[in-house]
Amino acid sequence: MGLTVETYASAAEAARALAAAQDARYLGGGTLVMRAVNYGDQSFRRILRATDPALGRIAAQGGRISVGAGVTMAEITESRELGFLAPAARAVGGPAIRSMATVGGNLFAAHPYGDLAAALLALDGRAVLADGREQALDELFAARGRGQQPLVTAVTIARPERGAFRFRKVSRVKPKGVSVMSIAAWLPRSGGRIAGARVAYGAMGPTPRRVPRVEQALEGRTLDAAGVQAAVAAAAEGLDPPEDAIASAWYRRAVAPVHLRRLLLEEDG
Amino acid sequence: MARTPVEFRLNGAEKAVFVEGGANLLDVLRRGLGDMTPKYGCGQGTCGTCTVLVDGRPQLACLTLAETVAGREVRTVAGLPDGAELHPLQDAFMENFAAQCGYCTPGMLMAAAALLERRPDPSREEVVEAISGNICRCTGYEPIIAAILDAAQRRRRRAS
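Note that the structure is a prediction, hence the values are computed from the model and not measured. Positions within a chain are numbered from 1, following the residues in the order the chain's sequence is written. Labels are handed out in written order, letters beginning with A for the chains and numbers beginning with 1 for the ligands. Local features in a predicted model are, by the rule used here, given only for residues with pLDDT of at least 70; side-chain atom pairs are given and counted only at 80 or more, and totals for whole chains, interfaces and linings are based on all residues. Side-chain measures were taken over the full set of non-hydrogen atoms in the model, leaving aside hydrogen atoms and water.

> Which residues make up the overall build of chain B, and what are the values?
When helices and strands are counted, chain B shows five helices and five strands. Put simply, the radius of gyration uses C-alpha atoms, and a globule should come to 2.2 Å times the residue count raised to 0.38. Taken over the C-alpha trace, chain B has a radius of gyration of 16 Å; the compact-globule value for 160 residues is 15 Å, and the two agree within 12%. Dimensions of chain B, computed from the C-alpha atoms along their principal axes, are close to 50 × 35 × 25 Å. Split into buried and exposed, the 160 residues of chain B put 49% on the buried side. Contacts are residue-level and defined by heavy atoms, with any inter-residue pair within 4.5 Å sufficient. In chain B, the share of contacts with a sequence separation of at least 24, taken over all contacts with a separation of at least 6, comes to 57%. As displayed, chain B has an accessible area near 7300 Å², and 51% of this comes from carbon and sulfur atoms. We treat Lys and Arg as the positive residues and Asp and Glu as the negative residues; His and chain ends play no part in the count. For this purpose, a charge sits on NZ of Lys, CZ of Arg, CG of Asp or CD of Glu. Across chain B, 18 positive and 19 negative side-chain charges occur, with their mean positions spaced 1 Å apart. Numbering goes from the N terminus for both helices and strands, where a helix is a DSSP run of H or I of at least four residues and a strand is a run of E of at least two. Under the scheme applied here, a residue whose accessible area is under 20% of the maximum for its type counts as buried, over 50% as exposed, and between as partly exposed, the area being computed with a 1.4 Å probe on protein chains only. The accessible surface values rely on the Shrake-Rupley method and a 1.4 Å probe; as for residues, cover is taken only from the protein chains in view.

Spelled out as structure tokens, the structure:
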């Protein structure tokens, strides 16, 4: 194998080592990095990891919640603090994957993975980097597209009002199937009307992405058939979804309005 | 090449092994310690046949960096029987014809063991969810689901 594993006690040390290295990958839960190792990926020779307990912390911070990058999907589903996020965490893999896969890893999971990351994006997620800087997830995903992968130590998200956050993953195999698409929507309401909607898709581009036209079309509207009409019409506007073994780009565009409508009206299916 | 010492408990016994850089837990169990019960299937987290329990939680041994289990408790099918007495899951799998080629069976057993330890009386839906990360290409899953529900009953009977 010829790989070297370096274990650091603090995330900051691991981040410095990662920034200085050309030949290293950071291992969170292992579901991405070990797969690459098993398949003979020669693009890295060193595996860096950190045992920093701060990476596993979930903490309330004012109106927001900080979720450590090392928190697993299983820990999210068991957290009372993060009950609203449980459906998105449960959408990732099967139980064995969920006890390994981490929040930080999901931010860098290539298409068609990254369903949780779409939910974090809709919840105004901000990545906390090892040097304390914060980066909006939109920016992190854009930079990821350019090959930049800084070490994230936590993600802070908004705490949505009760019932204001919705998530669904569309897959052909249930309960565990790869995404045709996933949709996350944070729909705060003021006097029954939507104010400040954030809607994000997973598996509809190389990284999770927001759909600003849908967000704009929801502004000031009510969540009923007439109110969501414009948003549903804009569901696939400007998107260039990927083509893969799960679905063609045409199919993804064609079904996006159907699933967005179901999510907004909370219909079954 | 750098070899790292790793100590952990395997099915209740203390183990100390040297692991090569980047070695996964499955290789350490099979080649290093001779526990052949967990199987190598896909190597990418899709099939579930390498499922083992780490501190009681199901994990995929092929995607687990060996160093990460230092100081922890690993359990495999080899640790399920109590001496000569098979685990209720093993009895139920035999009697419900839940294995055909048998390759998925160790992963199914460990995924089911994790479920029954948390939920001694699971619903059918919970059983389906618990084995959703384990692929079986022979049985069509129905006999496996029946066996796990049956094992839950056997386990409760044995306990009472």
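> Describe the confidence of the model for chain B, with residues and values.
On average, residues of chain B carry a pLDDT of 96, and 99% of them reach 70 or more. In the predicted complex, the global pTM is 0.96; the interface-specific ipTM is 0.96. pLDDT gives the predictor's per-residue confidence on a scale running from 0 to 100.

> Talk me through the side chain of Asp 150 of chain B; I want residue IDs and the actual numbers.
All names here are of chain B. Secondary-structure assignment places Asp 150 in helix α5 (residues 142–159). Under the rule applied, a polar contact is a pair of N or O atoms within 3.5 Å (in protein, one hydrogen donor and one hydrogen acceptor; residues adjacent in sequence only if both atoms are side-chain atoms). A polar contact of 2.9 Å, which involves the side chain of Asp 150, links it to the side chain of Asn 96. In this structure Asp 150 touches Ala 92 and Asn 96, once residues within four positions along its chain are discounted.

> Please give an account of the nonpolar core that cites residues and values.
The biggest cluster of nonpolar side chains holds 70 residues, and the ones touching the most others in it are Leu 85, Leu 107 and Leu 116 of chain A together with Phe 8 of chain B. Considering each element in turn, this core owes the most residues, six residues, to helix α7 (residues 115–122) of chain A. Those residues in contact with Leu 107 of chain A, other than ones at most four positions away along the chain, are Ala 117, Leu 120, Leu 137, Leu 140, Phe 141, Arg 144, Val 152 and Val 155 of chain A. Definition of nonpolar core: a set of buried residues of the types Ala, Val, Leu, Ile, Met, Phe, Trp, Tyr and Cys, connected through side-chain atoms within 4.5 Å. In terms of nonpolar packing, the next biggest core, distinct from the first, is built from 29 residues, Leu 187, Ile 194, Tyr 201 and Met 204 of chain A among them.

> Summarise the sheet that holds strand β1 (residues 3–10) of chain B; cite the residues concerned and give the values.
Residue and element names in this part refer to chain B. Taken in spatial order, the five strands make up an open sheet running β2-β1-β5-β3-β4, and their pairing is mixed. In this open sheet, the two edge strands, each paired with only one partner strand, are β2 (13–20) and β4 (57–60). Adjacent strand axes in the sheet meet at a mean angle of 45 degrees, parallel and antiparallel pairs treated alike. One bridge is not enough; two strands pair if DSSP finds at least two bridges between them. One ladder, built from four bridges, connects strand β3 (residues 51–54) with β4; its direction is antiparallel. Residue pairing across strands places Val 54 opposite Arg 57, the latter belonging to β4. Lines fitted to C-alpha atoms define the axes, with helix axes restricted to the stretch in contact, and inter-axis angles between N-to-C directions lie between 0 and 180 degrees. Sitting on the sheet, helix α1 (residues 25–32) touches β1, β2, β3 and β5 (73–75), and the angle it makes with β1 is about 80 degrees. Of the strands in this sheet, β3, β4 and β5 are in contact with helix α3 (residues 105–118), which crosses β3 at around 35 degrees.

> Give me the lowdown on the environment of Arg 157 of chain B, citing residues and values where you can.
With respect to the helices and strands, the residue Arg 157 of chain B is situated in helix α5. In this structure the C-alpha to C-alpha distance between Arg 157 of chain B and Gly 102 of chain B, which are 55 residues apart in sequence, comes to 27 Å.

> Can you explain the domain arrangement of chain B? Please cite residues and give values.
All names here are of chain B. As used throughout, domain bounds are those supplied by an automatic or database domain assignment. Under the domain assignment, chain B is made up of domain 1 (3–79) and domain 2 (88–159). Taking the mean C-alpha position of each, domain 1 and domain 2 sit 21 Å from one another. Each side of the interface is counted separately: domain 1 has 17 residues, and domain 2 has 14 residues. Buried area: the sum, over both parts, of the accessible surface (1.4 Å probe) that disappears when the two are put together. Here domain 1 meets domain 2 over a buried area of about 1200 Å², counting both sides, of which 58% is carbon and sulfur. It is Thr 49, Thr 51 and Val 77 in domain 1 that bury the most area against domain 2; as a group they hold 35% of the surface buried on that side. One speaks of a salt bridge when a side-chain nitrogen belonging to Lys or Arg is within 4 Å of a carboxyl oxygen belonging to Asp or Glu. Inspection of the region where domain 1 meets domain 2 yields one salt bridge.

> Break down unusual backbone geometry for me, with residues and values.
Of note, the amide linkage connecting His 111 of chain A to Pro 112 of chain A takes the cis form, showing an omega dihedral of 5 degrees. Pro 175 of chain A follows Lys 174 of chain A through a cis peptide bond whose omega is 5 degrees. Looking at the secondary structure, you find Pro 175 of chain A in the loop between β9 (165–171) and β10 (179–186). The phi torsion at Ala 203 of chain A lies on the positive side, around 65 degrees, for a residue other than glycine. Checked against the element boundaries, Ala 203 of chain A lands in the loop between β13 (198–202) and β14 (209–210). Its relative accessible area of 6% is what places Ala 203 of chain A among the buried residues. Backbone geometry at Tyr 141 of chain B places phi at a positive 75 degrees, although glycine is not the residue there. Looking at where Tyr 141 of chain B falls in the secondary structure, it is placed in the loop between α4 (124–130) and α5.

> Run through the pairing of β9 of chain A, naming residues and quoting values.
Residue and element names in this part refer to chain A. Buried residues dominate β9, accounting for six of its seven residues. Alignment of β9 against β10, held across seven bridges, turns out to be antiparallel. Bridge pairing in β10 places Val 170 opposite Met 181.

> Account for the packing of α7 of chain A against helix α8 (residues 137–145) of chain A, with residues named and values stated.
All names here are of chain A. Put simply, α7 and α8 touch, their axes get as near as 9 Å, and they point 140 degrees apart. Comparing the axis directions of α7 and α8 gives the class oblique. Where α7 abuts α8, its residues Ala 117, Leu 120 and Leu 121 lie against Leu 137, Asp 138 and Phe 141. A breakdown of the residues in the contact of α7 with α8 according to their chemical character gives five nonpolar, no polar and one charged. Each angle receives one of four descriptions, namely roughly parallel if under 35 degrees, roughly antiparallel if over 145, roughly perpendicular if within 65 to 115, and oblique otherwise. Three categories are distinguished: nonpolar for Ala, Val, Leu, Ile, Met, Phe, Trp, Tyr, Cys and Pro, charged for Asp, Glu, Lys and Arg, and polar for the others, with Gly belonging to the last.

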